[in-house]
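Below are the chains, spelled out letter by letter.
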Amino acid sequence: MAVAGFYRRILPSPPAIDFSSSEGKKLFLEAIHDGKMEGFFKLISYFQTQSEPAYCGLATLSMVLNALAIDPGRKWKGPWRWFDENMLDCCEPLEKVKETGISLRKVMCLANCAGAKVEAFHANQSSIDAFRNYVSSCSSSEDCHVIVSYHRGTFKQTGTGHFSPIGGYHVKKDMALILDTARFKYPPHWVPLTLLWEAMSTVDESTGKQRGFMLISKNQRAPGLLYTLSCKHESWISTTKYLMDDVPALLSSCSVKNVRDILSTIFISLPPDFSELIKRVIEVRRQEDGAQVLNEEEKGRINIKEAILNQVKETSLYTHVTDVLQSKELSKPEKCKFCVRNTLPNIAASVCCQGAGILMGKSSYLEKLCCRDASIRCYSATTDGDENIAVVSGTVVNGTTAQFVDALVPLSQTESSSCKNGSEWYSSGVHPHNPDVLTALLLALPPQTWSIIRDKKVLDDISALVSTEGLPLLLQEEILHLRNQLVMLKKCKEEKIEAT
């Protein structure tokens, strides 16, 4: 009886050379001798086969992230934190990737969200000589990896667009080692770098742009410790457009007399789903994993989050933002897109469901989760009880499955004291519609946002408030990471609009 489907493909050679062939092994040994296989051993230690035919971009990225020892900050399975394809969904729903694949810019977005340092180039934004230098340099290091987006047809292979990491480089033969994540189809293989450049110079029909490559490395410290941007919700395009394009236009079209006018103008016109774009990064754990005293790792991460939160609240801009939010005009129900309307139980339930979604790997389907028995309580962050942390707890039900979840919430100094004394601190401590979130977002806007203001005194005043130069280093890094995310989302937005 005939069996449907395919069992592997024969690798067209030439132009490719099978990695396990005698010639492939010779190239490998020569490249090792030349010091151009340093990144190979880390990559091969975490090499994985893509779990879906269209998951080449996700499998490639998760392999590289694990090779760089980047901590995802959330659990994969059991107690283990580990990057897996199904965790890379912050920039594109997995169901959509499964159907249509993913673009170069979206993989760049995923790498950025995961905490990596990333530079992406369409082929027409670089040159073959520059690409060769990048491949040679990263092949000589364990701290940098090259991901290529190319068309298989150039190598006489079946299929169209594909992503793979580069595992090494042979200088004399000018050949790159492709660690193909579709191992069910083709084995790892060497290809001429000139032909690889030709394959990257093809046009991705989904975007109308050329394919290309990206450089992935590890940041000195994990960015996005307290705040991050997300494009899971469909409103990310309109919100990004508002922040990056409409805000400068608004400020140029109206006469702003002072900082208060500027903030009011921006806040009043915020898109309805603005809060879907910027999120607090929360620590999540199953209740059975928890204890009354946090472990050293949890303490360290929460302490950094609390330090950033305190630093935001110590800025002069935060004072101005708070004053504007408390004004009569902004406190009207029809204007209040960002003030807290939810009750404490609803806030706790919302945070709890987000945490369960992360643990279940279903963060894109929170509407299917039902939270019950949600509550907020204080844990001691130290054995002597001097420092406190808020813990949002609850039972999240998904059909017949129940998940008991704790979400660890950072508190500022004032909130920590209130929590210890049993006061109601939650309106400023848990819900994402807070002055600190808005302050961070304003600080993250590109400096040229404000240059359109005509009144020099007003321009000088707002420029001084939003400048990152005088910020503490921890907060400065957090804000610059948010700014990079905004710039990246703008590029993704422009690519998406051009493709429609």
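Reading the values: the criteria
Residues numbered from 1 in each chain as written. Predicted model: local features only at pLDDT ≥ 70, side-chain atom pairs only at ≥ 80, totals over all residues. Heavy atoms only, no water. Phe/Tyr/Trp six-rings, centres within 6.5 Å; stacked < 30°, edge-to-face > 60°. Helix = DSSP H or I, 4+ residues; strand = E, 2+ residues; numbered from the N terminus. Buried < 20%, exposed > 50% of the residue type's maximum accessible area, 1.4 Å probe, protein only. Core = buried A, V, L, I, M, F, W, Y, C linked by side-chain atoms within 4.5 Å. Contact = heavy atoms within 4.5 Å. Disulfide = S-S within 2.5 Å. Pairing = 2+ DSSP bridges. Axes fitted to C-alpha atoms, helices over the stretch in contact; angles between N-to-C directions. Expected span 1.5 Å × (residues − 1). Arc of directions from axis to C-beta. Polar contact = N/O pair within 3.5 Å; in protein donor to acceptor, adjacent residues only side chain to side chain. Salt bridge = Lys/Arg side-chain N within 4 Å of Asp/Glu carboxyl O.

Engineer: Describe the packing of aromatic side chains, listing the residues and the values that go with them.
Structural biologist: If you walk through the whole model with that rule in mind, you get twelve aromatic pairs. Summarising the aromatic geometry, the rings of Y46 and W82 are spaced 5.5 Å apart at their centres and angled 50° between planes, so their arrangement reads as tilted. Of the two residues, Y46 sits in the loop between α2 (40-45) and α3 (56-67) while W82 sits in the loop between β3 (80-81) and α4 (94-100), which places them 36 residues apart along the sequence. For Y46, a relative accessible area of 26% puts it in the partly exposed group.

Engineer: Describe the nonpolar core, with residues and values.
Structural biologist: Residues W190, F267 and W450 are the most contacted members of the largest nonpolar core, which totals 95 residues. Excluding anything up to four places from it in sequence, W450 contacts L251, I262, I266, L442, L445, L459, I462 and V466. By size, the runner-up hydrophobic cluster in this structure holds 26 residues, among which are L11, V146, V148 and V191.

Engineer: Let's hear about the state of the cysteines: which residues, and what values?
Structural biologist: Applying the stated rule across the entire model yields one disulfide. Across the disulfide, C138 is cross-linked to C144 (sulfur-sulfur distance 2.0 Å). Each member of the pair, C138 as well as C144, carries the same accessibility label: buried.

Engineer: Give a detailed account of the pairing of strand β4 (residues 116-122), specifying residues and quantitative values.
Structural biologist: If a strand is regular, its side chains alternate between the two faces of the sheet. Burial analysis of β4 places five of its seven residues in the buried class, the great majority of the element. Pairing geometry for β4 and strand β11 (residues 212-218), over seven bridges, is antiparallel. Looking at the pairing, V118 lines up with I216 of β11.

Engineer: Got a sec to walk through helix α5 (residues 104-113)? Specific residues and values, please.
Structural biologist: Along an α-helix, residues three or four apart share an orientation, since each turn contains 3.6 residues. Counted residue by residue, α5 has nine buried out of ten residues, so it is predominantly covered. Those residues of α5 that fall on the buried side of the exposure criterion are L104, R105, K106, V107, M108, C109, L110, A111 and N112. Looking one or two residues beyond α5, the residue adopting positive phi is G115, at roughly 100°.

Engineer: Which residues make up the sheet that holds strand β1 (residues 17-18), and what are the values?
Structural biologist: With respect to topology, seven strands assemble into an open sheet ordered β1-β8-β7-β6-β5-β11-β4, the strand pairing being antiparallel. Two strands in the sheet have a free side with no partner beyond their single neighbour: β1 and β4. Inspection of the sheet shows strand β5 (residues 144-151) paired to strand β6 (residues 161-170) by five bridges, in the antiparallel sense. Following the sheet pairing, S149 is matched in β6 by F163. Packed onto the sheet, helix α6 (residues 128-139) meets β4, β5, β6 and β11 and runs at close to 135° relative to β5. The strands touched by helix α7 (residues 193-200) are β5, β6, β7 (175-178), β8 (189-192) and β11; relative to β5, the strand with the most contacts, the crossing angle is about 65°.

Engineer: I'd like a description of helix α1 (residues 22-33), backed by residues and values.
Structural biologist: The end-to-end C-alpha distance of α1, which contains twelve residues, comes to 17 Å, matching closely the 16 Å that a straight helix rising 1.5 Å per residue would cover. Every buried residue belonging to α1 is among G24, L27, F28 and A31, and all of these are buried. Each buried residue of α1 lies within a common arc of 100° when the element is viewed along its axis, so the set occupies one face. Residues of α1 that are exposed and point more than 90 degrees away from the buried face comprise S22, K26, L29 and H33. Those residues of α1 hidden inside the fold are in contact with β1, α2, β6, β7 and β8. Looking one or two places after α1, you find G35, whose phi comes out positive at around 75°.

Engineer: Before we move on, could you go through the environment of L243 and cite the residues and values that matter?
Structural biologist: With respect to the helices and strands, L243 occurs in helix α8 (residues 236-253). Sequence spacing of L243 and F274 is 31 residues, and the spatial spacing of their C-alpha atoms is 9.8 Å. Aside from chain neighbours lying at most four places away, what touches L243 is P248, L277, L441, L445 and L486.

Engineer: Provide a residue-level description of the side chain of T181, including the pertinent values.
Structural biologist: Turning to its location among the elements, T181 is positioned in the loop between β7 and β8. By relative accessible area, which is 0% here, T181 ends up buried. Polar side-chain contacts of T181 include one of 2.8 Å to the side chain of Q50. Excluding residues that lie within four positions of it along the chain, T181 makes contacts with F47, Q48, T49, Q50, C56, A59, T60, M63, H162, F163, S164 and P165.

Engineer: Can you tell me about the environment of E92, naming the residues and giving the values?
Structural biologist: Structurally, E92 is set in the loop between β3 and α4. Residue class for E92 comes out buried when judged on its relative accessible area of 11%. A sequence separation of 18 residues divides E92 from L110, and the C-alpha atoms of the two residues are 8.5 Å apart.

Engineer: Summarise the pattern of salt bridges; cite the residues concerned and give the values.
Structural biologist: By the definition in use, this model includes nine salt bridges. Across the pair E52 and K98 runs a salt bridge, and its minimum N-O distance is 3.9 Å. Within this pair, whereas E52 is found in the loop between α2 and α3, its partner K98 is found in helix α4, the two being separated by 46 residues in sequence. One salt-bridge network, in which partners are shared between bridges, spans E52, E95 and K98.

Engineer: Residues and numbers for unusual backbone geometry, please.
Structural biologist: Cis geometry marks the peptide bond from S13 to P14, where omega comes out at 0°. Note that P14 resides in the segment before β1. Of note, the amide linkage connecting P14 to P15 takes the cis form, showing an omega dihedral of 15°. Within the secondary structure, P15 is located in the segment before β1. Located in the positive-phi region is A69, a residue other than glycine, with phi close to 55°. Here A69 shows up in the loop between α3 and β2 (75-77).

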